[in-house]
Amino acid sequence: MSYAAKPPPRTSPGAARVAFVDSGIGLLGYADALRTLRPDVELVLSLDPDHMPYGPRTPTEVRELILASARAAAEDDPAAIVVACNTASVHGLEALRAEFEPRVPIIGTVPAIRPAASTGGPVAIWSTAATASSDYLRGLVEAFASDLETHSIAALGLAEAVEATDLAAIDRAIAAAVAQTPRHSVALVLGCTHYGLVADRIAIALARSGIDVSIFDSPEAVARQTLRRIGLEPDGEVAPSADPPTVLLSGRRGHLSERLAAYPQGARLLRWMPAAAPDATGPCGGGPGSA
């Protein structure tokens, strides 16, 4: 992974600059949640399209890849780095904190099982196949919902369809996961950061199947924790930063494709971006030869 050139000077002072790292576009929901709570915070979005997805990779590979993404983002001088990926949080947080803290706080993500457990259950948990069968997820259930009825469901193909902005494939994957979700569930945990980008489609599909659940995801909680770590209070009324988000693609400077406007969070972030290429070959523009 090659590092990006030094960032251009800021055009406005901004309250702070926060970096988000993920293998793919799952970080959009987390960046959008922070921008909603503090519009004056500047954003660095560090994705790793050259090596995604992280799920099938070994813990050592994931750790090295997320360190490389964070090092590239650190070139932009962030006040904090958010690891907007459950897999990377499991395997990389310890190494990231050893390298960057206390100078730069590192904030991880975990599925929102603890707040979902407050419903009393039953709790359904949608995640990738790797997470659904992992000791990590079992540990979270044992820690926060051991006395509740829980159901771990592998939403096969959903993260990949979201990454590809393939709406037909998204709906097929959601329908398959809904079919596995017990009808008496009262809470649904979104166990992959990509899933929140299609939470509206998930809610509609569940309602059509007669499953009345509250959906639990973690972007707002992570955004609030990030603000606490950098000493800022939520204030959605402050004047927004004049600087568009910085986008890094496996360490190279790039942009977000206009196709990401298919998601509410993507559409909001794109309003802050310079014009993106509508015909980019993926959800993120800028290939190996990008500057």
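Criteria and cut-off values
Residues numbered from 1 in each chain as written. Predicted model: local features only at pLDDT ≥ 70, side-chain atom pairs only at ≥ 80, totals over all residues. Heavy atoms only, no water. Helix = DSSP H or I, 4+ residues; strand = E, 2+ residues; numbered from the N terminus. Buried < 20%, exposed > 50% of the residue type's maximum accessible area, 1.4 Å probe, protein only. Contact = heavy atoms within 4.5 Å. Areas by Shrake-Rupley, 256 points an atom, 1.4 Å probe, with all protein chains shown as cover. Phe/Tyr/Trp six-rings, centres within 6.5 Å; stacked < 30°, edge-to-face > 60°. Lys NZ or Arg CZ within 6 Å of the ring centre and 35° of its normal. Pairing = 2+ DSSP bridges. Axes fitted to C-alpha atoms, helices over the stretch in contact; angles between N-to-C directions. Arc of directions from axis to C-beta. Salt bridge = Lys/Arg side-chain N within 4 Å of Asp/Glu carboxyl O. pLDDT = per-residue confidence, 0-100.

With that out of the way, let us pick up the overall build of the protein chain. Within the protein chain, the regular secondary structure consists of 11 helices and 12 strands. Buried residues in the protein chain amount to 54% of all 291 residues. Partitioning the intrachain contacts of the protein chain with sequence separation of at least 6 by distance along the chain shows that 79% fall at a separation of at least 24. Of the roughly 12200 Å² of accessible surface on the protein chain, 54% is carried by carbon and sulfur atoms.

Before going further, it helps to spend a moment on the packing of aromatic side chains. Counted according to the given criterion, the structure contains 0 aromatic pairs. Its guanidinium or amino end placed over the ring of Trp272, Arg35 lies 4.0 Å from that ring's centre, counting from NZ or CZ.

Spatial strand order, β6-β5-β7-β8: 4 strands in an open sheet with parallel pairing. In the strand order of this sheet, the two ends are held by β6 (150-154) and β8 (214-216), each with one partner. The average undirected angle you get between the axes of adjacent strands in this sheet is 20 degrees. Inspection of the sheet shows strand β7 (residues 187-190) paired to β8 by 3 bridges, in the parallel sense. For Ala187, the partnering residue across the bridge sits in β8 and is Ser214.

Moving on, we get to helix α10 (residues 219-229). For α10, the set of buried residues is Pro219, Val222, Ala223, Thr226 and Leu227. Projected down its long axis, α10 carries its buried residues within an arc of 140 degrees, all on one side. In this structure, the buried residues of α10 make contact with β1 (16-21), α1 (27-37), β2 (41-47), β3 (80-83) and β4 (106-107). Positive phi shows up at Gly231, right after α10, with a value of about 75 degrees.

Glancing now at the pattern of salt bridges. In the structure shown here, the tally under the stated rule is 12 salt bridges. A salt bridge links Asp32 to Arg268, with the shortest nitrogen-to-oxygen separation between them at 2.8 Å. In this pair, Asp32 sits in helix α1 while Arg268 sits in helix α11 (residues 264-270), placing the two residues 236 residues apart along the sequence. Given a relative accessible area of 7%, Asp32 falls into the buried group. Classification of Arg268 by relative accessible area gives partly exposed; the value is 33%.

So, about the confidence of the model for the protein chain. For the protein chain, per-residue confidence averages 89 on the pLDDT scale, and residues scoring 70 or more make up 89% of the total. Of the regions scoring below 50 in pLDDT, residues 276-281 engages in 13 contacts with residues more than four places distant in sequence or in other chains. For the stretch residues 286-291, pLDDT sits under 50, and the model shows 8 contacts to residues farther than four places along the chain or on other chains.

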